[in-house]
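# Structural overview
Chain by chain, the residues:
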Amino acid sequence: MLRPRIIVCLDVHEGRVVKGTKFKELRDVGDPVELARRYESEGADEVVFLDISASHEGRGTLLDTVRRTAEVLFVPLTVGGGIRTVEDMDALLRAGADKVSVNSGAVHDPEILTRGADRFGSQCVVLSIDAARDGTSWYHHTHGGRRRTDMEVVGWAKTCVERGAGEVLLTSIDRDGVRTGYDLELTRAVADAVTVPVIASGGAGTPAHLRDGFREGHASAVLLAGILHDGLTTVRELKIELAAWGIPVRPAPALPVPAVPMEEGR
Amino acid sequence: MIRLGLFDYGAGNLHSLRKGLEAGGARVTVTSDWQEALGQDGLVLPGVGSFGSAVRGLGGERERVRDALEEGLPCLGICLGMQLLFPASEEAPGNGIGFLPGEVRRLRARIVPQMGWNDVEGGADPILRGVGDFPAYYANSFICEVDEVEASAVIATSRYDDDEFAAGVRKGRTLGFQFHPEKSSSAGLRILANFVEEVAG
């Protein structure tokens, strides 16, 4: 049985983990390598780094962070932010990402998904959608949620899956950071329309929100950030609650994950 | 110290696998040179890239790799690396190593790829010592059905929707896992350490 996943998202800015509300008001919440390791030991099923600096100068710093993380993290790591070319994907995968998440890059050139899937396999290529509601539909946004596109989200997700995306990371801009629950209608609309896993993102505040993301949103995975970084709960506690509701999550490890020494002289 | 050759087909993350094997006590050489890869105490075929890119990575060395495995070189194939042990895959044309009989085909489930932690039912094979039945991390669209593989070669199975497929295979000193031990936290690291121990023994 495939287990519903809990994915922890770390927004990374110049080598540090930060958290903002509605893509604004950034606060420093810690070291990415250390936090990723801690979340693995708590039972996180995957870790996502979103590079929100995405500047040319920030690229080297990001690759270094990914490299250091991959050496000590033994659950999957997805990295997104500023990926425009297959070479960008290659650099991140070589540095130690297991998957790459593409947002604006796919709007700019949807063929990047096809070329990435051909070379690395579609399981490496995640389509990231930042969706905001407008009337009865949702529209995809780029540039960290600031720029609206003409792409209606459900159609855009289907197009990108046909082109090679192997997973959809679906963030509700309206719910991001506000902790009132995932946009279940949005999540379900996309999850029912595509044949790849959908990750619900934006709005998690309570264990019941996660449960609803799986049951009512039909998500394969749920993404969390703020409530964990703020210490309001832990992945372990969330998994215990979900299991009690009959959601067959992977149990958190009973024992601490063995530490692997950091490579010296880098 | 045990030396392992980790073959690099030219795509994807090899860091975690290298570190996982090193944590198990091996010295790992990452290389795209078959002579160098086959010249170590054991060979590791990683699970990154596509079947087509891996077949291109095999180049004209297919027979040589198969001969080395038949002569008893210990080998660990992961995900795509396990699929490469079979003769062919629906994913792309071209020949795999053909060390094990069986055809690799696409999953028939509604949601493909299979992405996430799925239960592995393990048997008594020593490579699984200390892990029992456990959830392991999968990221794959292709599998080899249990019925396609010689029964004696299947050491672990998993199920995804209606597909029952080989999670682990063994023939002699060659092992394959459809899941990613290097992404399966403690249980996966234990399997990598067991492999290093087996190469040493």
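One structure accompanies this document, and this report is about it. (Residues numbered from 1 in each chain as written. Chains lettered and ligands numbered in written order. Predicted model: local features only at pLDDT ≥ 70, side-chain atom pairs only at ≥ 80, totals over all residues. Heavy atoms only, no water.)

## So, the pairing of strand β7 (residues 125-134) of chain A
Consecutive residues of a regular strand have side chains that alternate between opposite faces of the sheet. All names here are of chain A. Among the 10 residues of β7, 8 are classified as buried, and the element is accordingly described as predominantly covered. When strand β6 (residues 99-102) meets β7, the two strands line up parallel, connected through 3 bridges. Bridging across to β7, S101 finds its partner in V126. Direction of pairing for β7 relative to strand β10 (residues 167-172): parallel, over a ladder of 6 bridges. The residue bridging L127 from the neighbouring strand is V168, located in β10. With 5 bridges joining them, β7 and strand β8 (residues 137-142) adopt antiparallel strand pairing. (Buried < 20%, exposed > 50% of the residue type's maximum accessible area, 1.4 Å probe, protein only. Helix = DSSP H or I, 4+ residues; strand = E, 2+ residues; numbered from the N terminus. Pairing = 2+ DSSP bridges.)

## Details of the pattern of salt bridges
Residues and elements named next belong to chain B. Under the definition given, this model contains 36 salt bridges over all chains. We note a salt bridge from D41 to R3, for which the minimum N-O separation is 3.3 Å. Here D41, found in the loop between α2 (34-38) and β3 (42-45), pairs with R3, found in strand β1 (residues 2-7); they are 38 residues apart in sequence, far enough to count as distant. Its relative accessible area of 28% is what places R3 among the partly exposed residues. The salt bridge involving R170 is made with E198; its shortest N-O contact spans 2.8 Å. Linking R170 in strand β11 (residues 163-171) with E198 in helix α6 (residues 185-200), this pair joins segments that are 28 residues apart in sequence. (Salt bridge = Lys/Arg side-chain N within 4 Å of Asp/Glu carboxyl O.)

## Observations concerning the sheet that holds strand β4 (residues 75-78) of chain B
Residue and element names in this part refer to chain B. The 9 strands are arranged β2-β1-β3-β4-β12-β11-β10-β7-β8 in an open sheet whose pairing can be described as mixed. The outermost strands of the open sheet, each flanked by one partner alone, are β2 (26-31) and β8 (134-140). The mean angle between the axes of side-by-side strands here comes to 25°, regardless of whether they run parallel or antiparallel. (Axes fitted to C-alpha atoms, helices over the stretch in contact; angles between N-to-C directions.)

## Topic: empty space enclosed by the protein
All names here are of chain A. This model, assessed by the stated rule, comprises 2 cavities of 30 Å³ or more. Quantified by volume, the largest cavity comes out at close to 180 Å³. Residue classes in the lining of the largest cavity are distributed as 8 nonpolar, 5 polar and 4 charged. Taken as a whole, the second largest cavity encloses approximately 40 Å³ of empty space. The wall of the second largest cavity is formed by I7, E46, V48, T78, K99, V126, E167, L169 and I199. When residues of the lining of the second largest cavity are traced back to their parent elements, those giving at least two are β4 (46-51) and β10. Among the residues forming the lining of the second largest cavity, the class breakdown is 5 nonpolar, 1 polar and 3 charged. (1 Å grid on protein atoms, 1.4 Å probe; cavity = no way out; pocket = protein on both sides within 12 Å on 5 of 7 lines; lining within 4 Å. Points joined across faces, edges and corners; volume = space filled by probe spheres on them. Nonpolar A, V, L, I, M, F, W, Y, C, P; charged D, E, K, R; others polar.)

## As for the packing of aromatic side chains
All names here are of chain B. Applying the stated criterion across every chain, the model contains 7 aromatic pairs over all chains. Between F134 and F179, the ring centres sit 5.6 Å apart and the planes meet at 85°, which makes this aromatic pair edge-to-face. In this pair, F134 is assigned in strand β8 and F179 in the loop between β12 (174-177) and α6, connecting sequence segments 45 residues apart. Measuring from centroid to centroid gives 5.9 Å for Y138 and F179, while their planes differ by 80°, and the two rings are edge-to-face. Taken together, the residues Y138 in strand β8 and F179 in the loop between β12 and α6 connect sequence positions 41 residues apart. Comparing Y138 with F179 shows no difference in burial state: the two are buried. (Phe/Tyr/Trp six-rings, centres within 6.5 Å; stacked < 30°, edge-to-face > 60°.)

## Here we look at the interface of chain A and chain B
Residue-level contacts link 44 residues of chain A with 36 residues of chain B. Surface buried jointly by chain A and chain B totals about 3200 Å² across both partners, of which 52% is contributed by carbon and sulfur atoms. Ranking the residues of chain A by area buried against chain B places L2, F74 and R94 of chain A at the top, with a combined share of 22%. Where chain A touches chain B, the interface holds 4 salt bridges. The closest approach of N and O atoms between K183 of chain B and D98 of chain A, which form a salt bridge, is 2.8 Å. No other element matches helix α3 (residues 86-95) of chain A, which puts 4 residues into the side of chain A that touches chain B. Residues of the side of chain A that touches chain B, tallied by class, amount to 20 nonpolar, 7 polar and 17 charged. (Contact = heavy atoms within 4.5 Å. Buried area = accessible area lost by both parts, 1.4 Å probe.)

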